Amino acid sequence: MSAASCHLSKDQFLCSICLDVFTDPVSTPCGHNFCKNCISQHWDISERFECPMCKKMFYTKTELQINSFISDMVSQFRHETQQKSTSSSSSEQQAAKPGEVPCDICTGTKLKALKSCLVCLASYCQTHLELHLTMKGLKRHQLIDPEENLEGRMCMKHDKPLELFCKTDQTCVCMLCSVIDHKTHEFAPLREEYEEKKAELGKTEAEIEQMIQKRRLKIRKIKKSVKMSKDAADREKAKGVRVFSALRKTLRRRMNELIKEMEDKQETTEKQDEGFIKDLEQEISELMKRSSEVEQLSHSKDHLYLLQSFSSLKAAPTTKDWTKVSIHPPSYEGTVVRVVDHVKETLSKDMKKLFDAELKRVQQYAVDVTLDPHTAHPYLILSRNGKQVHCGDRRKKRPDNPERFLVFLCVLGKQSFSSGRFFFEVQVKEKTRWILGVFRESVNRKKKITPSPEKGYWTVGVYENICVALEDPEVRLPLQSGFEKVGVFVDYEEGLVSFYDADHAALIYSFTGCSFTGKLYPLFCPGVNDDDNSAPLIICPVNQSVRSFSMRKF
C-alpha cells in the first residue's frame, strides 16, 4: 500500500483543476476525481455542468460525495510524504532561518524554499518542488528564485503574473493589461527589459565606481596635503624654536655680560675704597702712637728729656693729603639701555635674515600677472604689454561693460585665483599715492565705496606720506624711507593676504583669518595723476635669484 501510494503520488494524487494534492476528493459520474471545492467552484462559474477532464455533460448539478477510498489514500500519501520530507530534510535540507523564504507546504518545521512558483503563488523546498520538476502539467509553471512576496508579482487588477514591461508608463503589467489598459503602448518582455536595465545598471555601477575612485584619489590628495601642511608646520615650529632659543641665548648672554660689567665696576670700586680705608687706618694707627708719645712727654718732669724729644715729636707726621682724594661711586645709569640697544641691533639683524627667508619662500609662488583692459577705469592708461598702468589727464571713451570700474580708479589682472597660493611684485618707485591688493570678483564695480575686507577688498595703500592697511577703520603703518617694490602674497585656503617691502625683505602688513569665496583678482590703483605722482605702477618679474613658477590658474 505504501509503495503503491508513493508510486501513484506522482500521477494520480493531483487535482487537475488546482494542480495540488486532493483535498476532500470527490468523483464525478464519469469516474474522474477532483477536490470538492475545486469542482464546485468550476460548476458555479460555468454555464454548463461538464467534466473538466473528459468534457462529458451533466444536465443537472450532481450532488458529489467525498470518495472515502481516495481520501484515505491521499491521507496515507500525505503522511508518507511528510515522513519522507522530514527524513530528507534532516539529512539534506535545513530549516528556514530568519530572512530566508520558508516552504509553504511544510507542516511543523518550515524548510528553506528553493524555488517559488508564479502560477501557484507558493514557495517549495526540495521535496515539495519535486512535482513541479516531474509532472507534465506543473512543468509549464514559471519558477523563480525564492520570493516571499509573491503577491507583488501578480497584477492586482487581473490576478495574472506580471510578464510584460510597459515602456510608455515604465511599469510591469500582465497580459490582460497589455490588451485592455495599455493597448496602444509599447511593450517588452520582462527578460528583455531586464537585460537592458541590467546593462544600464552596469554603466551606473561603473560610473559610481569611477566616482568612488575619484573620491579615494581626493582623500589621498587631502591626506598628502595634510601631511605637507604638518611637515611645513613642523619645519616652522623647529625654525621658531631655533630662533627663540638663539634669542634666549643672546638675551641670557647679554644679561650675564651686563651683570658682570656692573659687578666688575663694583669690585674695582670696593678694592679702591678698601685701599683708601687701609691707608687711613694705617695713618690713624701712627697718629695714635704719636699722640700717645706726645701725651707721655707732656707729663714728663725731666726738663732735659722733654727739650731733647720736643723737636721730633712736634714735627708733623708723614701722611697723605686726604683733602685732595675724592671718592666717586661708579655710575650705572644707561648701562641697561646700552645693552638693550645692542640686543635690538642683534634682533634687527636676525629679523632681517628671517624676512629674507620668508620673502624667498613666498616668491616661489610667483605668477605672471597681466592687466585686463576690459576692467580699467576710463582715466587709466595701460601699456601694450599689460604690465604698466598710470592715470591720464582725460577720460577715455570705453564701453561700459560689466567688468569695468567706473568710480574706483583701478584695474584688475586678467588672471583669477580660487585656490592655492600666488605672489606678484609691483614697482611703486617715485609714486606718492597708490593702492595694491586683491579683489573679490562678485563685488559691484559701478558704485563708490571705501575699500575694506568686508566689501571684498584686501588692500594696502600710500597717500600723503602715510601708509595704511584699508581695514574698517584703516590701520596706519610705519612708512620709513618709502617703498620701491611691493610684493603681494595670497594663501587662499589659509585666508592670508600679506604685503612685503620686496627691496628690504620686510613685512608691511598681513590680513589674517580671511574667508574667501569665489575668484580673487589682483587689483592695481595708480592714484590720481599730478606733478609728484605721474610715475606708473609696474608689474615686475620676481627676483631671478629665486626660482619662479609659471602662472597657474586655480
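The residue numbering used here restarts from 1 in each chain and proceeds along that chain's sequence as written. Totals for whole chains, interfaces and linings use all residues, but because this is a predicted model, local features are given only for residues with pLDDT of at least 70 and pairs of side-chain atoms are given and counted only at 80 or more. For the side-chain quantities, the full set of heavy atoms in the structure was used; hydrogens and water were omitted.

Re the overall build of the protein chain
Working step 1: Helical segments are the DSSP runs of H or I of at least four residues, strand segments are the runs of E of at least two, and each set is numbered from the N terminus. A count of helices and strands for the protein chain gives nine helices and 23 strands.
Working step 2: C-alpha atoms of the protein chain, sized along the principal axes, occupy 195 × 95 × 40 Å.
Working step 3: Using a 1.4 Å probe on the protein chains alone, a residue whose accessible area is under 20% of its type maximum counts as buried, one over 50% counts as exposed, and one in between counts as partly exposed. Expressed as a percentage of its 554 residues, the buried residues of the protein chain come to 32%.
Working step 4: Here, two residues are considered to be in contact whenever any of their heavy atoms come within 4.5 Å of each other. For the protein chain, long-range pairs separated by at least 24 residues make up 57% of all intrachain contacts whose partners lie at least 6 apart in sequence.
Working step 5: None of His or the chain ends enter the tally, which takes Lys and Arg as positive and Asp and Glu as negative. Taken as the charge centre is NZ of Lys, CZ of Arg, CG of Asp or CD of Glu, depending on the residue. If you average the places of the 85 positive and of the 77 negative side-chain charges in the protein chain, the two averages end up 5 Å apart.

Here we look at the nonpolar core
Working step 1: In these notes, a set of buried Ala, Val, Leu, Ile, Met, Phe, Trp, Tyr and Cys residues joined through side-chain atoms within 4.5 Å is what counts as a nonpolar core. In terms of nonpolar packing, the biggest core is built from 53 residues, with Ile508, Phe511 and Phe524 touching the most fellow members.
Working step 2: Within the second largest apolar cluster, 21 residues are counted, among which are Phe13, Phe22, Phe34 and Met73.

A look at the environment of Phe69
Working step 1: Mapped onto the elements, Phe69 comes out in helix α3 (residues 68-91).
Working step 2: Take Phe69: its relative accessible area is 57%, and that puts it in the exposed class.
Working step 3: Measuring from C-alpha to C-alpha, the distance between Phe69 and Ala238 comes to 101 Å, with 169 residues separating the pair along the chain.

Some remarks on the packing of helix α7 (residues 190-298) against helix α9 (residues 335-363)
Working step 1: Axis definition: a line fitted to C-alpha atoms, limited for helices to the stretch in contact. Angles are taken between N-to-C directions and run from 0 to 180 degrees. As a packed pair, α7 and α9 sit with axes 11 Å apart at the nearest point and diverge in direction by 160 degrees. Here α7 lies roughly antiparallel to α9, going by the angle between them. Crossing geometry of α7 relative to α9 is assigned as right-handed. Contact with α7, carried on its side by Lys239, Val243, Leu247, Thr250, Leu251, Arg254, Leu258, Glu261, Met262 and Lys265, involves Thr335, Val336, Arg338, Val339, His342, Val343, Thr346, Leu347 and Leu354 of α9 and no other residues of that element.
Working step 2: Each residue belonging to the contact of α7 with α9 can be placed in one class, and the counts come to ten nonpolar, four polar and five charged. Roughly parallel here means an angle under 35 degrees, roughly antiparallel means over 145, roughly perpendicular means 65 to 115, and every remaining angle is called oblique. Each crossing is labelled by how the near helix is turned from the far one, with a counterclockwise turn of less than a right angle marking it left-handed and a clockwise turn marking it right-handed. Note on residue classes: Ala, Val, Leu, Ile, Met, Phe, Trp, Tyr, Cys and Pro are nonpolar, Asp, Glu, Lys and Arg are charged, and everything else, Gly too, is polar.

Remarks on the side chain of Thr375
Working step 1: Of note, Thr375 is situated in the loop between α9 and β11 (380-382).
Working step 2: The exposure class assigned to Thr375 is buried, which follows from its relative accessible area of 2%.
Working step 3: Within 3.5 Å is the distance limit for a polar contact, defined as a pair of N or O atoms, with the added protein rule that one can donate a hydrogen and the other accept it, and that residues adjacent in sequence qualify only through two side-chain atoms. For Thr375, the side chain forms a polar contact with the main-chain nitrogen of Leu412, separated by 3.0 Å.
Working step 4: The contacts of Thr375, once residues within four sequence positions are left out, are Glu403, Arg404, Phe405, Cys410, Val411, Leu412 and Arg445.

Considering the sheet that holds strand β12 (residues 388-391)
Working step 1: Strand order in the open sheet made by the seven strands is β11-β12-β23-β14-β19-β20-β21, with antiparallel pairing throughout. Looking at strand neighbours, the two that pair on one side only are β11 and β21 (506-511), the edges of this open sheet. Taken over all neighbouring pairs, the strand axes of this sheet differ in orientation by 20 degrees on average, direction set aside.
Working step 2: Sheet topology note: the strand β20 (residues 496-501)/β21 ladder contains five bridges and is antiparallel. Note that in β21 the partner of Ser498 across the bridge is Ser510.
Working step 3: This element, α9, spans β14 (421-427), β19 (485-491), β20 and β21 of the sheet and lies at about 110 degrees to β14. In this scheme, strands are said to pair when DSSP sees at least two bridges between them.

Brief notes about the pairing of β20
Each regular strand displays side chains that alternate between the two surfaces of the sheet.
Working step 1: By the criterion of burial, β20 is predominantly enclosed, with six of the six residues buried.
Working step 2: Of the two faces of β20, the one lined by Leu496, Ser498 and Tyr500 and the one lined by Val497, Phe499 and Asp501 are each fully buried.
Working step 3: Count of turn residues in the β19/β20 antiparallel hairpin: four residues, of which Gly495 carries a positive phi of about 70 degrees.
Working step 4: Hairpin connection from β20 to β21: four residues lie between these consecutive antiparallel strands, with Ala505 at a positive phi of about 50 degrees.

Considering the sheet that holds strand β9 (residues 171-173)
As a general point, the strands of a sheet are linked pairwise by backbone hydrogen bonds and lie either parallel or antiparallel.
Working step 1: Spatially, β9-β8-β10 is the arrangement adopted by the three strands of the open sheet, whose pairing is antiparallel. With partners counted over all chains shown, the strands left at the sheet margins are β9 and β10 (187-189), one partner each. Averaged over all adjacent pairs, the angle separating strand axes in this sheet is 35 degrees, with direction ignored.
Working step 2: Where strand β8 (residues 164-166) and β10 come together, three bridges link them in antiparallel fashion. Paired with Phe165 across the two strands is Ala188, which belongs to β10.
Working step 3: Along the sheet, α7 contacts β8, β9 and β10; its crossing angle with β10, the most-contacted strand, is approximately 90 degrees.

Focus on the confidence of the model for the protein chain
Working step 1: Here pLDDT means the predictor's own confidence in every residue, given as a number from 0 to 100. Looking at the protein chain, the pLDDT average stands at 84 and 93% of residues meet or exceed 70.
Working step 2: Across the protein chain, the element-wise mean pLDDT spans from 45 in helix α1 (residues 2-8) up to 98 in strand β22 (residues 520-525).
Working step 3: Low pLDDT, under 50, characterises residues 1-7; the predicted model gives this stretch seven contacts beyond four residues in sequence or across chains.
Working step 4: Long-range and interchain partners of residues 544-554, a stretch whose pLDDT sits below 50, account for 25 contacts in this model, where long-range means more than four residues apart.

Some thoughts on the pattern of salt bridges
Working step 1: Every case where a carboxyl oxygen of Asp or Glu lies within 4 Å of a side-chain nitrogen of Lys or Arg is listed as a salt bridge. Applying the stated criterion across every chain, the model contains 18 salt bridges.
Working step 2: Between Glu100 and Lys112 there is a salt bridge whose closest N-O contact spans 3.8 Å. Of the two residues, Glu100 sits in the loop between α3 and β5 (115-117) while Lys112 sits in the loop between α3 and β5, which places them twelve residues apart along the sequence.
Working step 3: By relative accessible area, which is 26% here, Glu100 ends up partly exposed.
Working step 4: Between Glu257 and Arg254 there is a salt bridge, with the nearest N and O atoms lying 1.8 Å from each other. With Glu257 and Arg254 both in helix α7, this residue pair falls three residues apart, about one helical turn.
Working step 5: Residue classification places Glu257 among the partly exposed residues on the basis of a relative accessible area of 33%.
Working step 6: Using a relative accessible area of 15% as the deciding quantity, one classes Arg254 as buried.
Working step 7: When salt bridges that share partners are traced, they join Lys167, Glu193, Glu196 and Lys197 into one network.

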